[in-house]
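Observations on the three-dimensional arrangement
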Amino acid sequence: MEKDVRVRFAPSPTGGLHLGGVRTVLYNYLFAKQNNGKFIVRIEDTDRTRFVEGAEQYIFDCLDWCGLTPDESVVHGGEYGPYRQSDRKEIYKKYAEQLIDQGNAYYAFDTPEELEQMRTNLKTDKNPNPQYDHNTRMNMRNSLSLSDAEVKQLIESGTPYVIRIKMPDNETISFTDMIRGEISNSSGLVDDKVLLKADGMPTYHLAVVVDDYLMKISHAFRGEEWLPSAPVHILLWKYLGWENEMPQWGHFPLILKPDGNGKLSKRDGQRLGFPVFAMKWADPGTGEALDGFKEVGFLPEAFVNILAMLGWNDNTEQEVFSLNELISKFSIDRIHKGGAKFDYEKAKWFNHKHLQEKTETDLYNLVLPFIHTHSPEVDNELLKKVIPLVKERCNLLTDFWDQSHFFFVRPENIDTTPISGKWDDDKTNFFKVWLTKLDELTNWDADSLENLFTDTATELSIKKGQVMLPLRIMLVGGKYGPNVMDIAALLGKKEVKVRVECILEQL
Ligand code: GLU
């Protein structure tokens, strides 16, 4: 019988949520939705040294913003809880002990200094990075190298210990990855990973296997960086007697720096001027705060679309997808094996496309908070009229202010050099005449303004093209913006006159 589809995103709440993490969420979510399955979020917080206040809530806030709602989690409940590993501490120990009883794991009493010493002492040309494994373990202090009596005595006297997996010396561990196909590793190359730490907490390796089993996970999807850990996990599934329940594996490709050289990091974002986190993350330890895609003005549907395309396509030319389209078209077997280069310009292009599809009311509601950060008092009715005029020029929600501030705030210290060189009395005269005629204009709209402008130019035998740019500079303060007559129409007569007169005085 086919298993019910149950997939999980298993973040460690240690800081900002990287776009690669959100892509893992998205692919899991899409797979669950298209298979009538469940998408579970499990908080993997067993490493207490990396605990960061607020990081867990932040992950749920990010998923909320993206519209990728879990079916089961700490927040959403479910039958397989608790969904936070630190609340499951008691569950893991018995499995670690079962592994010891079976001879697949052992107690290790080595202090941090002894481990350090091993790394220095056993370093040879052939083995430059000695690890705790079948080559070294008999030289260390553990239940394989010590007598039973010594082990008993150490445990009874309260000596801190960890439990390590005993990796076989030379076994081939193979599995089928849904994206990469057959993968084989030699067990002898993998170290004896710690399964249970001295504080009684499991490590990720033990907890991930136990929880995927107990939570009946059918497919374990995660980033490629976890591939080296897969042999340990596969052996644990086998040793714990759960091989027939093992999920199908899929390791997603890395998201690479724009130049393709290595994994995209938060430092790359800072260096190149783009976000890498979904939402703003303020680190309570360092005080460092980095804006996310949300704060720089991306729409969540565009962000999701960008992530979908970083490692997948539907085998057509289509690039712009809604979440519902992605649910029906996504397929694991079309995920690429190779890393996907992140291209910020392309990311903005996606946002531009999604912005244009918004209704005017939606866009107004989305833009308003960004406008308010610059000008809390902005005229809302004017903003509603301005948005459709400038939206084609905007990639990000933050661009709306840059493209439209001159509607709300009179530009100051305008640089007139683009027009002053070719200025003459005919032009001054043209504007003076046009200003007077504005008073006679019965309809204050873009067409009437344009006609009056053209007629005045013809009447005074001046080329319209020569006075168009000056008018734009006078009204906008620069060489940009939508149709200048649309701008004049929205600014209103009084404001147009003030702006034109002010610049005329300077020329
Ligand atoms: N806790 C791991 C992480 O932080 C999850 C890896 C997995 O999904 O197995 O990414």
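What you see is a predicted model; the values in this text were computed from it and never measured.

What follows covers the overall build of the chain. A tally of helices and strands in the chain yields 20 helices and 13 strands. Taken over 507 residues, the chain has a buried fraction of 51%. A separation threshold of at least 6 residues defines the contact pool for the chain, and within that pool the share at least 24 residues apart is 71%. Carbon and sulfur atoms make up 47% of the accessible area of the chain, which amounts to about 24,100 Å² in all.

Moving on: the side chain of lysine 257. Counting through the fold element by element, lysine 257 comes out in the loop between β10 (255-256) and α8 (266-272). Within the structure, lysine 257 has its side chain in polar contact with the side chain of aspartate 268 (distance 2.9 Å). Not counting residues within four places of it along the chain, the set of residues in contact with lysine 257 comprises Gly262, Lys263, Leu264, Ser265, Asp268, Arg271, Lys341 and Phe342.

What follows covers the site of the ligand. The full set of residues close to the ligand is Arg8, Ala10, Ser12, Glu44, Tyr204, Val208, Arg222 and Trp226. Within the side chain of tryptophan 226, a nitrogen or oxygen atom sits 3.4 Å from an oxygen atom of the ligand. For the ligand, whose accessible area on its own is 300 Å², the fraction buried by protein is 84%. By residue class, the composition of the shell around the ligand is four nonpolar, one polar and three charged.

Turning our eyes to something else, we now look at the sheet that holds strand β3 (residues 105-108). Strand order in the open sheet formed by three strands is β3-β4-β7, with antiparallel pairing between adjacent strands. Edge positions in the sheet fall to β3 and β7 (194-196), since each has one partner strand and no second. In this sheet, neighbouring strand axes are inclined to one another by 45 degrees on average, regardless of whether the strands run parallel or antiparallel. Where β3 meets strand β4 (residues 162-165), four bridges bridge the pair, whose relative direction is antiparallel. If you follow alanine 105 over to β4, its bridge partner there is isoleucine 165.

Turning to the nonpolar core, a few remarks are in order. Burial of nonpolar side chains together is a common tendency in soluble globular proteins. Counting residues in hydrophobic clusters, the biggest one holds 61 residues, and the most contacted among them are Leu19, Phe303 and Phe342. At the level of elements, β1 (6-9), α1 (19-34), β2 (38-41), α2 (55-66), α9 (300-309), α10 (323-329) and α11 (344-356) are the ones that each hand at least two residues to this core. At nine residues, the largest contribution of residues to this core is made by α1. Excluding anything up to four places from it in sequence, leucine 19 contacts Ile255, Leu264, Val276, Phe293, Phe303, Leu307, Leu310 and Phe342. Grouped together as the second largest cluster of nonpolar side chains are 52 residues, Leu299, Phe370, Phe430 and Leu449 included.

As a further point, take the packing of aromatic side chains. Going through the model one piece at a time under the given rule, you end up with 34 aromatic pairs. Each ring, one from phenylalanine 274 and one from phenylalanine 342, has its centre 5.1 Å from the other, and the planes form 55 degrees; the classification is tilted. A residue pair is termed long-range when its members are at least 10 positions apart, and phenylalanine 274 in the loop between α8 and β11 (281-282) and phenylalanine 342 in the loop between β13 (340-341) and α11 qualify at 68 residues. When sorted by exposure, phenylalanine 274 lands in the same class as phenylalanine 342, which is buried. Members of the aromatic cluster, each reached through a chain of ring pairs, are Tyr27, Phe31, Phe221, Phe252, Trp312, Phe321 and Phe330. Above the ring of tyrosine 80, the side-chain terminus of arginine 6 is found at 4.0 Å from the ring centroid. Between arginine 164 and the ring centre of tyrosine 132, over which it is positioned, the NZ or CZ distance is 3.8 Å.

Here the idea is simple: oppositely charged side chains can pair when their charged atoms come close. With the rule as written, the count across this model stands at 34 salt bridges. Lysine 266 is the partner of glutamate 288 in a salt bridge, and the nearest nitrogen-oxygen pair spans 3.4 Å. Of this pair, glutamate 288 sits in the loop between β11 and β12 (289-290) while lysine 266 sits in helix α8, placing them 22 residues apart in sequence. Judged by relative accessible area, glutamate 288 falls into the partly exposed class, the value being 26%. Through salt bridges with shared partners, a single network forms among Arg8, Arg42, Glu44, Arg88, Asp211 and Asp212.

Here helix α16 (residues 425-438) crosses helix α20 (residues 493-506) at 160 degrees, and the two axes come no closer than 11 Å. By the angle class used here, α16 and α20 are roughly antiparallel. Here the hand of the crossing between α16 and α20 comes out left-handed. Only Lys493, Val496, Lys497, Val500, Glu501 and Leu504 of α20 make contact with α16, whose side of the interface consists of Thr428, Phe431, Lys432, Trp434, Leu435 and Leu438. When grouped by side-chain class, the residues that make up the contact of α16 with α20 number seven nonpolar, one polar and four charged.

Attention shifts here to the environment of asparagine 313. With respect to the helices and strands, asparagine 313 occurs in the loop between α9 and α10. With relative accessibility at 23%, the residue asparagine 313 sits in the partly exposed group. C-alpha separation for the pair asparagine 313 and aspartate 177, spaced 136 residues apart in sequence, amounts to 19 Å. Apart from residues lying up to four places away in sequence, asparagine 313 is in contact with Arg334 and His336. Of note is the side chain of asparagine 313, whose polar atom sits 2.8 Å from the backbone nitrogen of asparagine 315. There is a polar contact of 2.7 Å between the side chain of asparagine 313 and the side chain of arginine 334.

This next bit is on the environment of glycine 78. With respect to the helices and strands, the residue glycine 78 is situated in the loop between α2 and α3 (89-102). Judged by its relative accessible area of 52%, glycine 78 is exposed. Each C-alpha atom, one on glycine 78 and one on isoleucine 40, is 8.9 Å from the other, the two residues being 38 residues apart in sequence. For glycine 78, the residues in contact, after removing those within four places along its chain, are Glu72 and Tyr83.

Once that is clear, we can look at the pairing of strand β8 (residues 219-223). Burial analysis of β8 places five of its five residues in the buried class, the great majority of the element. Across five bridges, the pairing between β8 and strand β9 (residues 248-252) is parallel. Paired with alanine 220 across the two strands is tryptophan 249, which belongs to β9. As for the winding sense of the linkage, the β-α-β connection from β8 through helix α7 (residues 230-239) to β9 is right-handed.

What counts and what doesn't
Residue numbers restart at each chain and count upward from 1, following the sequence in its written direction. The predicted origin of the model limits local features to residues at a pLDDT of at least 70 and limits the giving and counting of side-chain atom pairs to 80 or more, whereas totals for whole chains, interfaces and linings rest on all residues. Side-chain calculation: all heavy atoms of the structure are included, whereas hydrogens and water are not. For helices the rule is a DSSP run of H or I covering at least 4 residues; for strands it is a run of E covering at least 2, with both sets numbered from the N terminus onward. Residue burial is assigned from relative accessible area. The probe radius is 1.4 Å, only protein chains are included, and a residue is buried under 20% of its type maximum, exposed over 50%, and partly exposed in between. By definition in these notes, contact holds between two residues if any of their heavy atoms fall within 4.5 Å. Per-residue accessibility takes into account occlusion by the displayed protein chains alone, with areas from the Shrake-Rupley method and a 1.4 Å probe. Pairing of N or O atoms within 3.5 Å defines a polar contact, subject to two protein rules: one partner must be a possible hydrogen donor and the other a possible acceptor, and residues neighboring in sequence count only if both atoms are side-chain atoms. For each residue, the test is whether any non-hydrogen atom lies within 4 Å of the molecule or strand; if one does, the residue is near. Any residue outside Ala, Val, Leu, Ile, Met, Phe, Trp, Tyr, Cys, Pro, Asp, Glu, Lys and Arg is labelled polar, Gly included; the first ten of those are nonpolar and the last four are charged. Pairing between strands is defined by DSSP: at least two bridges between them are needed. Helix axes are fitted only over the stretch in contact, all axes being lines through C-alpha atoms; the angle between N-to-C directions runs from 0 to 180 degrees. Within this scheme, the nonpolar core is defined by two criteria: the residues are buried Ala, Val, Leu, Ile, Met, Phe, Trp, Tyr or Cys, and they are joined through side-chain atoms within 4.5 Å. In this scheme Phe, Tyr and Trp rings, the latter by its six-membered ring, pair at centre separations within 6.5 Å, and the angle between planes marks the pair as stacked below 30 degrees, edge-to-face above 60, and tilted otherwise. Counting as a charge over the ring demands two things of the Lys NZ or Arg CZ atom: a distance within 6 Å of the ring centre and an angle within 35 degrees of the ring normal. Within this document, salt bridges are pairs made up of a side-chain nitrogen of Lys or Arg and a carboxyl oxygen of Asp or Glu, the two lying within 4 Å of each other. Angles below 35 degrees are treated as roughly parallel, those above 145 as roughly antiparallel, those between 65 and 115 as roughly perpendicular, and all remaining angles as oblique. A crossing counts as left-handed when the near helix is turned anticlockwise from the far one by less than a right angle, and as right-handed when that turn is clockwise. When the strands point away from the viewer, a crossover counts as right-handed if the path from the first strand over the helix to the second runs clockwise.

Purely geometric numbers; function is a separate question.
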